[in-house]
Every structure is written in structure tokens, then in C-alpha cells.
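Given next are the chains, with one letter for each unit.
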Amino acid sequence: MLFHLTVFLNFVLICWSQTIPIISYISKDQEVNLGDTLDLQCSAKNAKDYIVFWQKVNPSEQLISGKELLIVRDPRITIYYHYDDDAWATIEIKDVTENHAGIYKCSISSENTPSATVELRVRIPPEITDNSTNSVIAIEGESVELKCFAMGYPQPRIFWRREDNAVLPTEERFHHGNVLKISSVRKEDRGTYFCVAENLAGKVRRSVQVEVLFSPLITVEQERVGQVLQSDVELQCHIQASPRAEIEWMKDGNLVYNNMYTRILFNYTEDGSVNTTLKIMKIEKRHFGNYSCKAANSLGSNLKTINLYETDHLESSEKCANKSAPEITGITEEQVVIKVGGMIKLQCSSQYSHNVVVIWSKLSVTSTSPLNKLDFIISSGNVLIAKDDRISLNHNQTFNSNSPLQHSTTSTLQIKNAQETDSGKYQCLIASPGGIPVTRDVKVKVNPA
């Protein structure tokens, strides 16, 4: 009797389970990028007489579809229904936005309303927020904190680096974290820092300028300079200061001014430092003595003294004259051969104790001297003269840290989409104040493609 009752109940249960509507399948949780297209699928058994519908339940409730009808007003969303043994309801979302992220629920409009949910996560590229550091001005020795915060999904990872990936004050090339702390900032720490935020959806960076204020630092290459009477001499100081310093030259404690015997020159460099030169012409006995260059700003002052003494050795004068001529230390090979459509790249480097002017020109066939009036001058210094969109110029100047008065200048001339008419002899001419120009030639041959 009990056996028959059990069989009967199982039979009833099986029949009942074959008629009650249930969710038989729903898509797995999805994580997509902005702009992607995706499908959310839901399958229901025993639901042909019921409505299978979608709604968004998080972060806020929103009915998406009814009986084969799209309710939500969103041109990016489409609803598809089809029937086989099961009833299928599919949401297609095109060009996904951040607002589409959330939890979606597929339900059946039966008495017990069976349902299932799927989560849609949308990856959002990082965006550095406004409460991040833009720039910092600090006095040397102070503590500095650079802060960076970013929004996005997944939560962006943040790291710091310097321009050209130079070593950070923390003695590492990359510092991971929102805050980069410099305990005692130095003048060497000034420059551009980058906050980089990245996640699976992308990467973004923001530059942060760090300016360090410090009292003047003066460097001289020679503290004693000898010269013969009736010759010229140049005394030089290299000055670093922030803010910019007021600079004076003095002789034996008295100010020196520009006149027929003395001339004071200033050269302000890209890194904010200054090279100042006191040029004394046709030296007389009264010109010998102690000369000082003095620099002062709001944080302090500094002074360096150079002793100018008389010498009767003509060799000293000749050495000084030789020093006034720049030297070409590097040049593109003497002959460059490329095909039509290629790029001509010519490079010329020089070292000198003053600023130099680098002049690129294409020589005429009859040219025998620098800057012949028939030559075609392409550039002068960092100024491109040639009116040709194919031509570009990169003029770079650096200083030797062991010898701040020694300049290194590199000028690179590039001609894109080279033509046969670009063939010829190109000349790099380097000139300096009071020096003899030096030149080097490069032959360029552009062959047919």
C-alpha cells in the first residue's frame, strides 16, 4: 500500500514539475568596455502561456520589456523573443555606456514569479580628478607631497614617474601609489613629473610641475686667468637660481659697467640658469685685479671671484684665441644615399664655452666660401628659414654637469619625402661670438625609387 502511494505521489510531482514555469538559463555575469555590444539571454521552460520579461533592479528599478514589447526608451536596447521547447527573451545592448551597468532580472509572470539575475559591469577608462596636484612651488629643503586620484572601473592603479623616466627623489624610477612624498626637496628635483592612472579600459596621465626655489649657486671654470697686455679676455660665471637672480660684475669691490673696454653679456638657458661673461678688450695695466660676479635673489646671495693677472707668455694669448673657436664634434657621414620618398636626416654637433649659432645651407654648385650669396640657407640657430613643409629642425642644447660653462649643441635637419632635386651638398656652419666659423659638408644623393 505504501509503495503504491509513493509511486503515485512521484507521478504527480513529475507532472506538476513539467507544467510549472521555471527559468532554465540566464547569461553569466558580463564585464565589457564602453562602446561594446552584448546580449543578455534568458530561457524559460513551461512558459508559453506566460510573459517572460526583463527589468533592471540595480542601481534603480526599471522595467525593460513586457510581452514581446520594449518598454524602456533607449535606442541602444533591443528585445528579441523566440520559442522552441523554451521561451527565449534576449536583450541586445549596443554602444554600451556607463549607465547600462547594473543588475538585470529575468522573470516569468506566473503565480510565484520565478526569476534569475545577471550583473553587467562596464569598464570605464581612468579619469584623473580635480583634487589631484597640478603644480608645486617649494623652497629647497621643504617637504613636498604630490597627490593623484582617479575614477574608473576597475579601480585604476596609479604610479608616478619623471620626464624621460629619470630616477625619482625616492631613488626609484616608478613609485606606485596615490602620493609621492619628497621629504627634503632639492633643486635637482625640479621639473616635470607624471601621474599615470591605468586599468583594463585604458591609461591616462597628468603632468605636474615641481618648481624649487633656492638661493644662487655660482660656478666658475677658472679662478685665475692670465693674459698679456693689449689682448682680449673673457671671464665667465655660470649661475643657477630660482627665482631668477640679479647679477652684477665688480672689480676690487667696485661695480663694472659696459664701456669701450668692458662688455657684460648674459645668456639665459632653457633650464633657467644663466651664463654671464665679462669681456675685457685691449687689456691695460689697470685692468688686472680681482673680478667678482655676484648673484642675489629673495632667498640669498652668492659671490665668486676670478683673479686676472698679467703674463708675458704669448702662448697664453694664443690658447685663449684658440678657445674662442667652436669645434664640430659630430657630423652625419660625409655622403648620404637614399631613394626617392625616403627621409634625409643630417646631424651636426658642437662643443663650445659660449652659445653658438648653427646654420644649415644647401650649397650652390659654384659656392667656395661659407654663406656664399648663391647658397640656399635652410636654418639659422633654432629658426627654420626654408618654406617647405617637408623640412623640420630640432635644435638641442645641453650642459656638461662637470663643466657648466661647456655647452653641447646638436642640430638635426630632416627632409621628408625626399626628391631627386634634394640631391646636392649640404653644409653645417657653426659660428660663435668673436670666433672663427667652422664648417663641415655632407653630400646627399637621392636615387630614383
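Look up a bit, the structure's there.
Here's what I pulled together on the structure shown here. (Residues numbered from 1 in each chain as written. Predicted model: local features only at pLDDT ≥ 70, side-chain atom pairs only at ≥ 80, totals over all residues. Heavy atoms only, no water.)

A separate point is the pattern of salt bridges. Opposite charge on two side chains makes pairing possible when the charged atoms of those side chains draw close. Enumeration according to the criterion identifies 16 salt bridges in this entry. The closest approach of N and O atoms between Arg121 and Glu31, which form a salt bridge, is 3.2 Å. Within this pair, whereas Arg121 is found in strand E9 (residues 115-128), its partner Glu31 is found in strand E2 (residues 30-33), the two being separated by 90 residues in sequence. Exposure remark for Arg121: the relative accessible area of 24% places this residue in the partly exposed category. (Salt bridge = Lys/Arg side-chain N within 4 Å of Asp/Glu carboxyl O. Helix = DSSP H or I, 4+ residues; strand = E, 2+ residues; numbered from the N terminus. Buried < 20%, exposed > 50% of the residue type's maximum accessible area, 1.4 Å probe, protein only.)

A complete count under the given rule lists four disulfides for this structure. For Cys148, the disulfide goes to Cys195, at an S-S distance of 1.7 Å. Between Cys148 and Cys195, the S-S torsion sits near -60°, and that sign places the bridge as left-handed. Of this pair, Cys148 sits in the loop between strand E11 (144-147) and strand E12 (150-153) while Cys195 sits in strand E16 (residues 191-199), placing them 47 residues apart in sequence. The disulfide partner of Cys348 is Cys428, and the gap between their sulfur atoms is 2.1 Å. Here the disulfide of Cys348 and Cys428 is left-handed, its torsion about the S-S bond being about -80°. Highlighted residues: Cys348 in strand E28 (residues 344-352) and Cys428 in strand E34 (residues 424-431), separated in sequence by 80 residues. For Cys428, a relative accessible area of 0% gives the class buried. Indicated for the chain is the disulfide connectivity 1-2, 3-4, 5-6, 7-8, based on numbering the bonded cysteines in sequence order. (Disulfide = S-S within 2.5 Å.)

On the basis of which strands lie adjacent, the open sheet formed by five strands has the order E18-E25-E24-E20-E21 and mixed pairing. Edge positions in the sheet fall to strand E18 (224-227) and strand E21 (254-255), since each of these pairs with one other strand and no more. Pairing of strand E20 (residues 246-251) with strand E24 (residues 289-297) involves six bridges; the strand directions are antiparallel. Directly across from Met250, in E24, lies its bridge partner Ser292. (Pairing = 2+ DSSP bridges.)

Okay, the environment of Pro448 next. By the secondary structure assignment, Pro448 is in the segment after strand E35 (438-447). Note on Pro448: relative accessible area 52%, which makes it exposed. For the pair formed by Pro448 and Gly341, sequence separation is 107 residues and the distance between their alpha carbons is 9.0 Å. With sequence-adjacent residues up to four places away left out, Pro448 is seen in contact with Lys339, Val340 and Glu420. (Contact = heavy atoms within 4.5 Å.)

With that settled, the discussion passes to the sheet that holds strand E6 (residues 77-83). Pairing between the strands of a sheet comes from backbone hydrogen bonds, and it takes one of two forms, parallel or antiparallel. The strand order E1-E3-E7-E6 describes an open sheet built from four strands, whose pairing is antiparallel. Every other strand in the sheet has two partners, leaving strand E1 (22-26) and E6 as the edge strands with one partner each. Across this sheet, the average inter-strand angle for adjacent strands is 20°, counted without regard to direction. The pairing of strand E3 (residues 38-45) with strand E7 (residues 87-93) spans seven bridges and is classified as antiparallel. Bridged to Ala44 within E7 is Ala87. (Axes fitted to C-alpha atoms, helices over the stretch in contact; angles between N-to-C directions.)

This brings us to the pairing of strand E27 (residues 335-339). The alternating pattern of E27 places Val336 and Ile338 on a buried face and Gln335, Val337 and Lys339 on a face that is not buried. Pairing analysis gives five bridges linking E27 to E35, with the strands arranged parallel. Note that in E35 the partner of Val336 across the bridge is Val444.

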